[in-house]
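# Architecture and fold: a report
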Amino acid sequence: MAPFPALLDVVTLLKPITWFPPMWAMLCGVVSSGVAVSSRWSFLIAGIALAGPLVCGTSQAVNDWFDRHVDAINEPHRPIPSGRIAGRWGLAIAIGWSVVSLAVAALTGPWVLAATALGLAGAWAYSAPPFRFKTSGWVGPAVVGFSYEGLSWFTGAAVMAGALPSGRVLALLCLYSLGAHGIMTLNDFKAVTGDRVMGLRSLPVVLGERRAALLASVVMAVPQMVVVVLLSRWGMVLPAVAVAVMLAAQLALMPRLVADPARRAPWYNATGVSLYVLGMMAAALGLGGYL
């Protein structure tokens, strides 16, 4: 049996930097519920833990275990391919963290438990055989986008309401989940070489980098346009204007992304995607009655 890995290497495996997107979406869910935070503090803390270090952390461990051969080409410094997490400890951490996630979710109610179970199932199916959804540039980003944005938003709203979120909340979280497909496609540009070698059919590999970036841009933009229309129809004018302004700024940045996606995908993640998630919060504030 390989020695137990160092705590720092375990934390590195869980990738805290990746926890922010689902935690942000979870907070959007909290805000969109319209329920006073002060009334459900303990549930809020549980929701933050589930969205970030638990479910998202589990997905990172699962992904790194089943991607260890690809990472040996693309990112050999990671804990598993570098040998800092040796033997089957990577798999053991992924299984153990899944169990902890379900246990915490069970304490918060049936809707959150169901969302957590679905998110964990998606995390395993995304990376592990026989499904290994990440080998498809179409299905893989959809699974991740739905888990990171939709299920996290759902968790935040369900935690606060203690019930199934409203139809309006469900509509917007589905739209932002769809748009997140484009965001996930942008993340594939950093691994094009390794994906080609290992036969992973990411959209940059299948369509070519420029066409994949153009498609990602359209997929990110169209759902936000629908959000603007829905908010306007619901009488939420200020949130609609805020989302429209964020979208207009993204549209101004997209031509530069499409011109050189391999080099500018990280730049767009820092700029355009930031505008995308700010628009999410503006929409959530409108639903919750804050704007």
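From a predicted model like this one, the values you see are computed outputs, not experimental measurements.

### Re unusual backbone geometry
Residue Pro130 is reached from Pro129 by a cis peptide bond, and omega for that bond is 5 degrees. Phi is positive for Lys15, close to 50 degrees, though the residue is something other than glycine. Turning to its location among the elements, Lys15 is positioned in the loop between helix H1 (7-14) and helix H2 (20-33). The backbone of Arg132 sits at a positive phi, close to 45 degrees, despite the residue not being glycine. Structurally, the position occupied by Arg132 is in the loop between helix H6 (110-127) and helix H7 (139-161).

### Considerations on the pattern of salt bridges
Side chains bearing opposite charge may pair, as long as their charged atoms lie close to each other. Tallied over the entire structure, the rule returns eight salt bridges. Put simply, Asp67 and Arg132 hold a salt bridge, and the shortest N to O gap is 2.8 Å. With Asp67 in the loop between helix H3 (41-66) and helix H4 (68-74) and Arg132 in the loop between H6 and H7, the pair connects residues that are 65 residues apart, well separated along the chain. Since its relative accessible area comes to 16%, Arg132 is described here as buried. Between Glu75 and Arg78 there is a salt bridge, and its shortest N-O distance comes to 2.9 Å. Of the residues examined, Arg78 reaches a relative accessible area of 14% and is grouped as buried.

### Topic: the nonpolar core
Of all hydrophobic cores here, the largest spans 77 residues; its most connected members are Trp153, Tyr176, Leu186, Val227, Leu231, Val243 and Met280. Broken down by element, this core gets its largest block of residues, eleven residues, from helix H13 (residues 261-287). When near neighbours in sequence (up to four residues on either side) are disregarded, Tyr176 contacts Glu149, Trp153, Gln224, Val227, Val243, Tyr276, Gly279, Met280 and Ala283.

### Comments concerning a nonpolar patch on the surface
A cluster of nonpolar side chains, Leu214, Val218, Val222, Met225, Val226 and Leu251, forms an exposed patch at the surface whose accessible area comes to about 460 Å². Ranked by the residues each element gives to the nonpolar patch, the list is headed by helix H11 (residues 209-233), at five residues. Within the secondary structure layout, Met225 lies in helix H11.

### A word on H2
Relative to the 20 Å expected for 14 residues at 1.5 Å per residue, H2 spans 20 Å between its end C-alpha atoms, a close match to the ideal helical length. Every buried residue of H2 is accounted for by Pro22, Trp24, Ala25, Met26, Cys28, Gly29, Val30, Val31 and Ser32. Buried residues in H2 make contact with H3, H7, helix H8 (167-187) and H13.

### Let's talk about the UniProt feature "transmembrane region" (unreviewed entry) in the chain
If you check UniProt for "transmembrane region" (unreviewed entry), the listed places come out as residues 20-37, 110-126, 138-163, 169-191, 212-231, 237-255 and 267-290 in our numbering. Annotation note: span residues 20-37, helix share 78%, strand share 0%, distance between end C-alpha atoms 20 Å. Here residues 138-163 is 88% helix and 0% strand, with 32 Å between the C-alpha atoms at its ends.

Reading the values: the criteria
Residues numbered from 1 in each chain as written. Predicted model: local features only at pLDDT ≥ 70, side-chain atom pairs only at ≥ 80, totals over all residues. Heavy atoms only, no water. Helix = DSSP H or I, 4+ residues; strand = E, 2+ residues; numbered from the N terminus. Salt bridge = Lys/Arg side-chain N within 4 Å of Asp/Glu carboxyl O. Buried < 20%, exposed > 50% of the residue type's maximum accessible area, 1.4 Å probe, protein only. Core = buried A, V, L, I, M, F, W, Y, C linked by side-chain atoms within 4.5 Å. Contact = heavy atoms within 4.5 Å. Patch = residues over 30% accessible without salt bridge, like charges linked within 9 Å, V, L, I, M, F, W, Y side chains within 5 Å. Areas by Shrake-Rupley, 256 points an atom, 1.4 Å probe, with all protein chains shown as cover. Expected span 1.5 Å × (residues − 1). UniProt positions renumbered as here; feature names shortened; annotations may be inferred.

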